[in-house]
Amino acid sequence: MADAARTPSAQVLIAADKFKGSLTAVEVAEHVTAGLRRVVPGLDVAAVPVADGGDGTVAAALAAGFTRHEARVTGPTGAPVTATFALRAEGTAVVEMAEASGLQHLPAGVFAPLTATTYGTGELLRAALDAGATSIVFGVGGSATTDGGAGMLAALGARFLDADGAPVAPGGGPLRDLATADLSGLDPRLATTEIVLASDVDNPLTGPKGAPAVYGPQKGASEEDVAALDAALAHYAEVLGRAVGPKAAEAASAPGAGAAGGIGYGALVGLDATFRPGIDVMLDVLGFAPALAKAGFVVTGEGSLDTQTLHGKAPAGVAAAARAAGLDVAAVCGRLQLPPEALAAAGIRRAYALTDLEPDPARCMAEAGPLLERAAEQLARDFLV
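Residues numbered from 1 in each chain as written. Predicted model: local features only at pLDDT ≥ 70, side-chain atom pairs only at ≥ 80, totals over all residues. Heavy atoms only, no water.

## A few points about the sheet that holds strand β3 (residues 67-74)
Hydrogen bonds between backbone atoms are what pair the strands of a sheet, whose relative direction is either parallel or antiparallel. Note the following rule: Here the rule is simple: two strands pair whenever DSSP picks up at least two bridges between them. Only runs of H or I of at least four residues qualify as helices and only runs of E of at least two qualify as strands under DSSP, and these elements are numbered from the N terminus. Lines fitted to the C-alpha atoms define the axes, with helices restricted to the stretch that makes contact. Angles between their N-to-C directions range from 0 to 180 degrees. Residue contacts follow a heavy-atom distance rule, with two residues in contact if any of their heavy atoms lie within 4.5 Å.
Strands sit in the order β3-β4-β5-β6-β9-β10 across an open sheet of six strands; the sheet is mixed. A strand with exactly one partner marks an edge of an open sheet, and here the two such strands are β3 and β10 (274-277). Strand-to-strand twist across the sheet, computed as the mean angle between neighbouring axes with direction ignored, equals 30°. Where strand β6 (residues 135-139) and strand β9 (residues 194-199) come together, five bridges link them in parallel fashion. Looking across to β9, one finds that Ser-135 is bridged to Glu-194. Along the sheet, helix α9 (residues 259-270) contacts β6, β9 and β10; its crossing angle with β9, the most-contacted strand, is approximately 155°. Sheet strands touched by helix α10 (residues 278-285): β5 (92-96), β6, β9 and β10. Its angle to β10, the strand with the most contacts, is close to 85°.

Set out below in structure tokens:
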């Protein structure tokens, strides 16, 4: 078929996200490479595993050459967990809040929508500072929490007190009892550290599109819990306004404030973070542009190509950059829920879904690696020979 210019001698760049639940981004690249080379032996392939700021962001940084660091921190329910962050020699760190405060740290099937805390994320940020970070890419997503980042700020030195002068309990629900907030004790190193809030979420803190209403149910929140959390976070923002002035109210409606249960809001207000779409930040950090400059064809992908993909997910960012460079892009995925016209609008010529090869979802996930190699073989026959 004559879908695209044949470029067997050009380098193929694989820039795909993880297939959640089955393959890491690194493993995706390995299996795609194997499949392509079965059809085009000796094909020049480069891989830049990517992430959009959510879970898998630290893994992508480590694959790009960052150094692994670990810290023992407080998990979302108070139990200790081991969290990983990535650090580069010149001082850039990649910190993923899900490593400390993510859903994966909850007991199976047990949620804590009102009491889960981001305290461990603050400890993880402090560990990055202790390791020498002078610039932090703060990836948020996959959180178990809806506490507006209050736990994170408390771990970094802020004080949140009730009417009796006692610290408010962990979680978003207890913020209803907040009487005073004091950010003067925040770690002084934060003032000279550039922090970029990397997220694909642009929700405000509260309201119909806010963190509790949109994401609370995913964390086990009932309708009553959502209402309680929304009121508690609104009160939290009001009290912070008394402590830091108008920027507290402005940040509550800013893009990214509602990310990861409102930790985006805590980062914007307390850490003076700058919000950027996660995939844009990560492509910069991971060295995507130099790799793209050497490529003649690009393969991207993630576990599910769906409407969410079009709103700041990794494949959309990769495809946009590749299209701007005049390169063709194909995608691989576990399942495909976008019509051809939507793929084309995103700059993706064709997508290859594993469910086309194995319709049973359980088997598809269990056999994702071999299936992905088969999909890559077909991709190579369609575009590279």
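## Section: the pairing of strand β13 (residues 350-353)
Worth spelling out the cut-off: Here is how to tell: hold the view so the strands point away, follow the path from the first strand over the helix to the second, and if it runs clockwise the crossover is right-handed.
Examined bridge by bridge, strand β12 (residues 329-336) and β13 share four bridges and lie parallel to one another. Paired with Cys-333 across the bridge in β13 is Ala-353. At this point the chain moves from β12, through helix α13 (residues 340-345), to the parallel β13, and the crossover so formed is right-handed.

## Considering the domain arrangement of the protein chain
Stated precisely, the cut-off is as follows: The domain limits used here are those given by an automatic or database domain assignment.
Parsing the protein chain into structural domains produces domain 1 (11-48 + 295-384) and domain 2 (57-279). Summarising the inter-unit geometry, the C-alpha centres of domain 1 and domain 2 are found 32 Å apart.

## What to know about the sheet that holds strand β2 (residues 45-47)
Spatially, β2-β1-β11-β12-β13 is the arrangement adopted by the five strands of the open sheet, whose pairing is parallel. Edge positions in the open sheet fall to β2 and β13, since each of these has one partner strand only. Within this sheet the neighbouring strands show an average axis-to-axis angle of 25°, counted without direction. Pairing of strand β1 (residues 11-14) with strand β11 (residues 295-305), which is carried by four bridges, proceeds in the parallel orientation.

## Remarks on the nonpolar core
To be explicit about the condition: Residues belong to a common nonpolar core when they are buried Ala, Val, Leu, Ile, Met, Phe, Trp, Tyr or Cys residues joined through side-chain atoms within 4.5 Å. Only protein chains enter the accessibility calculation, which uses a 1.4 Å probe. A residue is then buried if its area is under 20% of the maximum for its type, exposed if over 50%, and partly exposed in between.
Formed by 56 residues in total, the largest nonpolar core has its most connected members in Ile-136, Phe-138, Phe-160, Tyr-236 and Tyr-265. A total of seven residues in this core trace back to one element, the largest contributor, which is α9. Apart from residues lying up to four places away in sequence, Tyr-265 is in contact with Gly-148, Leu-205, Tyr-236, Ala-237, Leu-240, Ala-248, Ala-251, Ala-252, Gly-256 and Ala-257. Ala-61, Leu-283, Leu-338 and Ile-348 belong to the second largest nonpolar core, which has 42 residues in total.

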